[in-house]
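Here is what each chain is made of, one letter per residue.
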Amino acid sequence: MKATEDIVAVILAAGESKRMGTPKQLLPWQNTTMLGHTLKVAKSVFDDEVFVVLGANYDSIRISEGVNDSNLIFNPNYKKGQGSSLSAGMACIARQKKSYGGVLLMLCDQPLITVDYIIQLKKTFLKSYKGIVATKYEKNAGVPALFNHKYFNEMKNVESDTGAKKIIAENINDTLLLDAQGKELDIDTKDEYEFLRSKLKL
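Some remarks on the packing of aromatic side chains
Part 1 of the argument: The final tally for this structure, using the stated rule, is one aromatic pair.
Part 2 of the argument: Pairing Tyr 58 with Phe 74 gives two aromatic rings, centres 5.2 Å apart and planes at 70 degrees, and the pair type is edge-to-face. Residue Tyr 58 is found in helix H2 (residues 58-62), and its partner Phe 74 is found in strand S5 (residues 71-74); the two are separated by 16 residues along the sequence.
Part 3 of the argument: Taking the relative accessible area as the measure of exposure, Tyr 58 reaches 23% and is therefore partly exposed.
Part 4 of the argument: For the cation-ring pair, Lys 165 lies above Tyr 137, with the distance from its terminal atom to the ring centre recorded as 5.4 Å.

As structure tokens, then:
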């Protein structure tokens, strides 16, 4: 089932940032925040077809730079993990008047993901007859990832904290993997954040 051009992006950013000790969505990155940067990348490819799922620290994050004009989704069950945010995001997509052929999932703590990589994901997805185009990791596959609409209902009803990774693993024969060449790095701790900023001279 080949994908259509109508794709929506959903950024999962509802986490409590427990290991970071402070909301990583609001950490400075380049000339904005971690979440603001992710939004900028997504909107460069998908224009206004970008939604953000928030949970912890909702009030402060929703008014932060680059976020307050976005399509926001509140996940009241954010303490249950990433699966609950995926479910909340997909439930909102299902309520939209527009029907989408695919959805791109992104996280706000992967600041090395570039516009070019997201474009590569999208182009591969549109050309491929696979239902999922995901990012290759050392031992598994994950996001950023694009899913065909045939998976929307499964994504809306996901309960596992691993969220999208579980769906990818269960449908690996319908998945095409792309190598992000290190851009898939996610930032969980202050040390990781400071090290990467120092390395990139930000």
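After presenting the structure, the write-up continues.
Remarks on the layout of surface pockets
Part 1 of the argument: If you add up the space inside the largest pocket, you get close to 850 Å³.
Part 2 of the argument: For the largest pocket, the lining is made up of 31 residues, of which Gly 15, Lys 24, Gln 82, Asp 109 and Asp 188 are closest to its centre.
Part 3 of the argument: Looking at the lining of the largest pocket, the elements with two or more residues in it are strand S1 (7-13), helix H3 (82-95), strand S8 (141-148) and helix H6 (164-170).
Part 4 of the argument: Approximately 190 Å³ is the volume attributed to the second largest pocket.
Part 5 of the argument: Lining of the second largest pocket is provided by 14 residues; of these, Asn 77, Gly 83, Ser 84, Ser 87 and Val 158 occupy positions nearest its centre.
Part 6 of the argument: Element by element, the count of residues in the lining of the second largest pocket is highest for H3, at four residues.
Part 7 of the argument: Classifying every residue of the lining of the second largest pocket gives four nonpolar, seven polar and three charged.

Structural notes on the sheet that holds S5
Part 1 of the argument: Reading across the sheet, the seven strands line up as S5-S4-S1-S6-S8-S7-S9 and stay open at both edges, with mixed pairing between neighbours. The open sheet has two edge strands, S5 and strand S9 (175-178), and neither has a second partner. For this sheet the average axis-to-axis angle between neighbouring strands, irrespective of direction, equals 25 degrees.
Part 2 of the argument: Bridge count between strand S6 (residues 102-107) and S8: four bridges; the pairing is antiparallel. Its bridge partner being in S8, Val 103 is matched across the sheet by Phe 147.
Part 3 of the argument: Across the sheet, H3 is in contact with S1, strand S4 (50-54), S5 and S6; its angle to S1 comes to roughly 145 degrees.

Analysis parameters
Residues numbered from 1 in each chain as written. Predicted model: local features only at pLDDT ≥ 70, side-chain atom pairs only at ≥ 80, totals over all residues. Heavy atoms only, no water. Phe/Tyr/Trp six-rings, centres within 6.5 Å; stacked < 30°, edge-to-face > 60°. Helix = DSSP H or I, 4+ residues; strand = E, 2+ residues; numbered from the N terminus. Buried < 20%, exposed > 50% of the residue type's maximum accessible area, 1.4 Å probe, protein only. Lys NZ or Arg CZ within 6 Å of the ring centre and 35° of its normal. 1 Å grid on protein atoms, 1.4 Å probe; cavity = no way out; pocket = protein on both sides within 12 Å on 5 of 7 lines; lining within 4 Å. Points joined across faces, edges and corners; volume = space filled by probe spheres on them. Nonpolar A, V, L, I, M, F, W, Y, C, P; charged D, E, K, R; others polar. Pairing = 2+ DSSP bridges. Axes fitted to C-alpha atoms, helices over the stretch in contact; angles between N-to-C directions. Contact = heavy atoms within 4.5 Å.

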